[in-house]
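One letter stands for each residue in the lines below.
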Amino acid sequence: NDYAMVSGQPTFGDLITVINGQGDALHVAVYIVEDVVFTKNGVNTLQPWVLMRMDDMMSYFPSSEPLNLVILRKKDLTQTDVARH
């Protein structure tokens, strides 16, 4: 409820959500810059959070069906907040 879908290019702090063809969320990462995200991959709780390129993150989700990326932005961020980043 605190986030809204946005179109266009993501900005610092947006959530990048990987969605399968059935509409299920498979993974969420935090957008940092260009093609870099802050993500935690793997099912082990001890797996560290890392900076990773989007292509490398997407390689964790091999699929014969197309996957969609949905960009979510915190609703209470103003344009001024986004411009500062």
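Our subject in this report is the structure included herewith. Each residue is numbered by its place in its chain's sequence as written, counting from 1. With the structure being a predicted model, the display of local features is reserved for residues of pLDDT at least 70 and the display and counting of side-chain atom pairs for 80 or more, all residues being used for whole-chain, interface and lining totals. Only heavy atoms go into the side-chain values, all of them from the structure, while hydrogens and water stay out.

**A short note on the overall build of the chain**
Next up, step 1: Helix and strand assignments come from DSSP, with helices taken as H or I runs of at least 4 residues and strands as E runs of at least 2, each series counted from the N terminus. Looking only at helices and strands, the chain features two helices and six strands.
Next up, step 2: The helix and strand sequence of the chain, counted from the amino end, reads β-β-β-β-β-α-β-α.
Next up, step 3: Burial here depends on accessible area, computed with a 1.4 Å probe over protein chains only, as a share of the maximum for the residue type. Under 20% is buried, over 50% is exposed, and the range in between is partly exposed. Burial analysis of the chain (85 residues in total) assigns 27% to the buried set.
Next up, step 4: Here, residues are in contact when the closest pair of their heavy atoms is within 4.5 Å. Within the chain, residue pairs in contact and separated by at least 24 positions form 44% of the contacts whose partners lie at least 6 positions apart.

**Examining the nonpolar core**
Next up, step 1: Grouping buried Ala, Val, Leu, Ile, Met, Phe, Trp, Tyr and Cys residues that are joined through side-chain atoms within 4.5 Å yields what is termed a nonpolar core. Counting residues in each nonpolar core, the largest one holds ten residues, listed as Ile16, Val18, Ala29, Tyr31, Val37, Met52, Met54, Met57, Phe61 and Ile71.
Next up, step 2: Elements with a contribution of two residues or more to this core: strand S2 (15-19), strand S3 (25-33) and helix H1 (54-58).
Next up, step 3: Once residues within four sequence positions are removed from consideration, Met54 is found in contact with Ile16, Asp35, Val37 and Leu69.

**Some points on the pattern of salt bridges**
Next up, step 1: Think of a salt bridge as a Lys or Arg side-chain nitrogen and an Asp or Glu carboxyl oxygen that are within 4 Å of each other. Under the defined criterion, the tally for this structure stands at two salt bridges.
Next up, step 2: Between Arg73 and Asp14 there is a salt bridge, with its nearest N and O atoms 2.8 Å apart. With Arg73 in strand S6 (residues 68-74) and Asp14 in the loop between strand S1 (3-6) and S2, the pair connects residues that are 59 residues apart, well separated along the chain. Assigned by exposure class, Arg73 and Asp14 land together as buried.

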